[in-house]
Amino acid sequence: MRGILLINVGTPASTAPNDVKNFICAMLSDPLLTGKSEWWSKFLAKNIIAPGSGSRVSDKYELIWHNEETSSVSPLIYHMQQLAQKLEEQKGIPVEIAMRYGEPDVAGAFRELERKCPLLHEVIVFPLYPHYAQSTTQTSKDMIGNVFYKHPHSFRLKFADPYYNHPAFIHALISNAKPYLEDIDKLIFSYHSLPLTQVETGWKKGKEYDYVYQLKETNRLFCNKLSIDPHDTFLFYSSQRGKNWLNPFLDTDIRDLPKLGWKKVAVVTPGFPVDNLETLYDVDIEARKLFMEAGGEKFTFIPALNSNDMWVEAIWKIIERS
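What you are looking at is a predicted structure, and each value in this text was computed from that prediction instead of being measured.

Caption draft 1: Looking closely at empty space enclosed by the protein. All told, the structure shown has two cavities of 30 Å³ or more when counted by the stated rule. Lining the largest cavity, in full, are Tyr 132, Ala 133, Gln 134, Leu 194, Gln 198, Val 199, Thr 201, Gly 202, Lys 205, Tyr 209 and Tyr 211. By residue number, the principal contributor to the lining of the largest cavity is helix H8 (residues 196-205), which donates five residues. Looking at side-chain class alone, the lining of the largest cavity contains six nonpolar, four polar and one charged residues. Of the pockets and cavities examined, the second largest cavity occupies roughly 40 Å³.

Caption draft 2: Structural view of the sheet that holds strand S7 (residues 264-268). Taken in spatial order, the four strands make up an open sheet running S6-S5-S7-S8, and their pairing is parallel. Only two strands of the sheet have a single neighbouring strand rather than two, namely strand S6 (233-238) and strand S8 (298-301). When strand polarity is set aside, the average angle formed by the axes of neighbouring strands in this sheet is 25 degrees. As paired elements, strand S5 (residues 186-192) and S6 share six bridges and run parallel to each other. Counted as the bridge partner of Phe 189 is Leu 235 from S6. Here helix H9 (residues 211-226) sits on the sheet in contact with S5 and S6, set at roughly 150 degrees to S5. Sitting on the sheet, helix H12 (residues 282-293) is in contact with S5, S6, S7 and S8, with an inclination near 170 degrees to S8.

Caption draft 3: Representation of the packing of helix H7 (residues 167-177) against H9. Contact pair H7 / H9: the axes reach a minimum separation of 10 Å and the direction vectors enclose 60 degrees. Classified by the angle their axes make, H7 and H9 are oblique. Pair H7 / H9 crosses with right-handed handedness. Contacts between H7 and H9 pair Phe 169, Ile 170, Leu 173, Ile 174 and Ala 177 from the former with Thr 218, Leu 221, Phe 222, Lys 225 and Leu 226 from the latter.

Cut-off values and rules
- Residues numbered from 1 in each chain as written.
- Predicted model: local features only at pLDDT ≥ 70, side-chain atom pairs only at ≥ 80, totals over all residues.
- Heavy atoms only, no water.
- 1 Å grid on protein atoms, 1.4 Å probe; cavity = no way out; pocket = protein on both sides within 12 Å on 5 of 7 lines; lining within 4 Å.
- Points joined across faces, edges and corners; volume = space filled by probe spheres on them.
- Helix = DSSP H or I, 4+ residues; strand = E, 2+ residues; numbered from the N terminus.
- Nonpolar A, V, L, I, M, F, W, Y, C, P; charged D, E, K, R; others polar.
- Pairing = 2+ DSSP bridges.
- Axes fitted to C-alpha atoms, helices over the stretch in contact; angles between N-to-C directions.
- Contact = heavy atoms within 4.5 Å.
- Parallel < 35°, antiparallel > 145°, perpendicular 65-115°, else oblique.
- Left-handed = near helix turned anticlockwise from the far one by under 90°.

This is the structure in structure tokens:
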């Protein structure tokens with residue numbers, strides 16, 4: 001019997017500043033994410049970054065966290081739980097969720113999968129990152145491997161490969177986005193930015209590690225299927241933490257579009273299959289505000305795949321390939 005582990009980056013335990021600070025500290029202590037040495041990453045995270053940003057980021061989480069749909073649960077966890085439930089019910093296979101940083105953790109997910117299925121012989125780890133990056137894919141693999149080998153298990157692990165170009169993933173993206181693409185001047189693809197040093201390292205290893213190649217391939221396939229002229233699209237990056245990161249930056253350069261005559265845009269975020277702070281705040285709140293204040297007339301946010309039925313089917317097809 002097989003099981004599925006859905007893995008994502010993580011979320012604070014609550015919107016309280018201290019919980020947000022602890023989450024930021026855990027995340028930015030990871031050298032695979034920061035690109036710096038382990039001791040320096042931990043020093044900066046604990047003593048400088050987390051204390052200075054806890055309250056500010058807490059305010060952002062407050063804006064996206066408490067609503068009628070998700071109640072008091074993080075939107076990320078809510079949508080992942082919904083996705084896991086649908087997969088489990090529709091495919092008859094045990095499914096658990098876990099985070100790279102924070103709760104629910106991988107060890108607990110393994111225990112729950114074994115409880116659900118005593119005859120478990122294989123767990124498919126499905127990263128909710130379609131494109132490879134050392135700060136998401138690689139650090140999750142390393143952490144899961146460390147947890148797995150600390151204790152004996154009755155099952156083996158298998159990781160789903162990056163699925164940025166898988167037909168089922170592209171089809172799910174298109175089905176989800178199509179209703180939002182009416183009456184726009186430009187379609188914006190928004191992805192998480194990365195340090196240029198990490199991008200170059202991946203590029204040198206080949207396409208299976210090349211973040212920019214992979215996301216541009218997603219965009220190309222998406223546009224081809226919908227007969228969208230690439231000249232009618234833009235590629236922006238968000239959540240950068242410095243100048244030497246992939247650009248143009250969504251939180252600055254989107255303000256230029258209305259001046260150029262493009263006043264109606266839709267924004268899709270293929271790198272985030274589940275809505276989180278980077279989509280619900282950085283795009284739907286901050287980028288929207290900047291664009292409209294600069295003279296925009298229409299800003300359409302395209303929600304992530306979340307627990308969309310087409311996404312459930314896509315995950316199953318991707319796992320079958322694995």
